[in-house]
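# Structural features, examined
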Amino acid sequence: MDIKVSELKQGLRGSIVIPADKSISHRAVMFSSLAQGKSIIRNFLYASDCRSTVSVFKNLGVDIEFIDNNTLSVKSSGVLKQPLTALDCGNSGTTMRLLAGVLARQNFDSELIGDASLSKRPMKRIITPLSEMGADIYSDTGTAPLFIKGKCLKPIKYHSPIASAQVKSSILLAGLGTDGVTIVVEPYLSRNHTEIMLKYMGADIQSDKNIVSIKKSKLFACDINVAGDISSAAFFIVSALIIPDSDIVIKNVGLNPTRTGIIDVVKRMQGDIEVLDERVVSGELVGDLRVKYSSLKGCEINGADIPRLIDELPVIALLATQAEGETRITDAGDLRNKETDRITAVVTEFRKIGIDIDELDDGFLISGKQQIKGDSEVNVYHDHRLAMTLYIAGLLAQKEMVVKDFQWVDVSLPEFLPLMDSLRSL
Ligand code: S3P
């Protein structure tokens, strides 16, 4: 589905409730499938990535039912069954990488496959530590398909070369069923939803800054209420900051400090963003955000910032085009390993619509106060976040643009357009 976007001549106004967090929704399904008993997951993200996780765990013998699109009942014996077919993770790296840690320690064999984009993404980052634990994972080229022969594993202390929650979680999920203490040390702390939810469900897991350790544990079924996704909220935060006369409230946003890099960066850029009504839901910090159109200043984004806003970088690059002065984003080389190479894709498509941006090996250099020309067809490279970023660029463009294959938004935020429409119609 290709869509046309043209300049928005009025500010965004009103409030929206942001849909559920993708990372937490995946984990809620996975961990309740590993727990004995019945769990209810409320405010589940009904998007294609999380539905891939549901279908994989159904294939592994777990009784999962949708009570409605956003409420799931998960009944499990706590023991997974040998799947009859290959497990299809679709477009979802989180599903494949976390699942590999679970399957490596089962008493059966399995095969993990994914779509064209996922089949190009690096899997050595999980194969290496899991193999150190004694796992038997075969991959021809370091990418999917992965063939896993389930085995009894041994614990390790792993110094991860990258700050990646997917790598950390894969090892922790292997450690959850392994005698002894499994430890992961990260260069910087990545998102810690796995640690929070495993603890909430009874696992023996301890964290201290960027070090986390887990002992073999049983999980208990429980009810989980999923917080809203700050990575989805990011598209509305940026829209309100750059579209003149905007003033919006985004409700129920997950504010886990390992994810709030975008709020810190907006403040660093002197953007008007306010956190309201903070509370804790299922162990996760949640709140509402009020965001207003702002006069922004360029800034530096690097180091420990990066894992706290990695998924927001394409739309932050767009934000930087409207700030005064230059913005330099570095230490973000892992953006090249996402749903597409997000550094090359952003630079290529931004240039098509008249944005001046330099490609760095590990990020971008963006000059500020730019006019976006539009007047072009842009590609999204099977990437939901590229699709939404380019759509928002179109709201500022002088001439109409066409975003090709916009249906990729369904991977994380099928409600993007209705939410945007509700803010522009007031
Ligand atoms: C995710 C972790 C991040 C993020 C991805 C979701 C997760 O990836 O980019 O969208 O749910 O654990 P890395 O951990 O590989 O950086």
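Scope of this entry: the structure provided in the associated data block. In this numbering scheme, every chain counts its residues from 1 along its sequence in written order. Where local features are concerned, this predicted model is filtered to residues with pLDDT of at least 70; where side-chain atom pairs are given and counted, the filter is 80 or more; whole-chain, interface and lining totals use all residues. The side-chain quantities take in all heavy atoms of the structure and omit both hydrogens and water.

### Let's talk about the nonpolar core
- The nonpolar core is taken to be a set of buried Ala, Val, Leu, Ile, Met, Phe, Trp, Tyr and Cys residues, with the residues joined through side-chain atoms within 4.5 Å. The cut-offs for exposure are 20% and 50% of the maximum accessible area for each residue type, with area from a 1.4 Å probe on protein chains only; residues under the lower value are buried, those over the upper are exposed, and the others partly exposed. Counting residues in each nonpolar core, the largest one holds 80 residues, and the members touching the most others are Phe236, Ile242, Ile250, Phe364 and Phe416.
- Every helix listed is a DSSP run of H or I at least four residues long, and every strand listed is a run of E at least two residues long, numbered separately from the N terminus. For this core, the element with the most residues is helix α7 (residues 230-242), which contributes ten residues.
- We call two residues in contact whenever any of their non-hydrogen atoms come within 4.5 Å of each other. Every residue in contact with Phe416, bar those within four places of it in the chain, is listed here: Phe235, Phe236, Met388, Tyr391, Ile392 and Phe406.
- Ranked by size, the runner-up nonpolar core spans 67 residues in total, among them Ala35, Leu112, Ala144 and Ile156.

### What to know about the site of the ligand
- Near is defined per residue: the residue qualifies when any heavy atom it owns lies within 4 Å of the molecule or strand. Near the ligand, the surroundings consist of Ser23, Arg27, Thr94, Ser164, Ala165, Gln166, Arg191, Ile310, Asp311 and Lys338.
- For the ligand, an oxygen atom lies 3.3 Å from a polar atom in the side chain of Thr94.
- Whenever a nitrogen or oxygen atom comes within 3.5 Å of another N or O atom, the pair is scored as a polar contact, on the condition that within protein one atom can donate a hydrogen and the other can accept it, and that pairs from neighbouring residues in sequence are kept only if both atoms are in side chains. One of the side-chain nitrogen or oxygen atoms of Lys338 is found 2.7 Å away from an oxygen atom of the ligand.
- Of all elements in the fold, only α1 (22-34) and α5 (165-175) reach the threshold of two or more residues within the shell around the ligand.

### Observations concerning empty space enclosed by the protein
- Only protein atoms enter the 1 Å grid used here, on which a cavity is any set of points holding a 1.4 Å probe that cannot leave and a pocket is any open set flanked by protein within 12 Å on both sides along at least five of seven lines; residues with an atom within 4 Å of a point are listed as lining. Grid points are joined across faces, edges and corners, and a volume is the space filled by probe spheres set on the points. Taken as a whole, this structure holds three cavities of 30 Å³ or more when the rule is applied.
- Within this model, the largest cavity holds a volume of roughly 60 Å³.
- Every residue lining the largest cavity is listed: Ile24, Ile196, Met197, Tyr200, Ile224, Asn225, Ser282 and Glu284.
- Those elements that provide at least two residues to the lining of the largest cavity are α6 (193-200) and β14 (223-225).
- Residue polarity follows a fixed list, in which Ala, Val, Leu, Ile, Met, Phe, Trp, Tyr, Cys and Pro are nonpolar, Asp, Glu, Lys and Arg are charged, and the others, Gly among them, are polar. Classifying every residue of the lining of the largest cavity by side-chain character gives five nonpolar, two polar and one charged.
- Taken as a whole, the second largest cavity encloses approximately 40 Å³ of empty space.
- Lining the second largest cavity are Asp21, Ile24, His193, Ala227, Gly228, Gly254, Leu255, Asn256, Arg259 and Glu284.

### A look at the environment of Glu349
- Among the structural elements, Glu349 can be located in helix α10 (residues 342-352).
- C-alpha separation for the pair Glu349 and Gln82, spaced 267 residues apart in sequence, amounts to 44 Å.
- Engagement of the side chain of Glu349 in a polar contact is seen with the backbone nitrogen of Asn379, the distance being 2.8 Å.

### Here's the deal with the layout of surface pockets
- Space inside the largest pocket adds up to approximately 610 Å³.
- Taken together, 39 residues form the lining of the largest pocket, with Ala163, Ser164, Ile310, Asp334 and Lys338 sitting closest to its centre.
- If you list the elements that add at least two residues to the lining of the largest pocket, you get α1, α3 (93-103) and α5.
- Its residues assigned to classes, the lining of the largest pocket shows ten nonpolar, twelve polar and 17 charged.
- Considered as a void within the structure, the second largest pocket measures approximately 500 Å³ in volume.
- Around the second largest pocket sit 22 residues that line it, and Leu34, Gly78, Arg105, Ser217 and Lys218 are the ones nearest its centre.
- Of the residues in the lining of the second largest pocket, the class split is ten nonpolar, eight polar and four charged.

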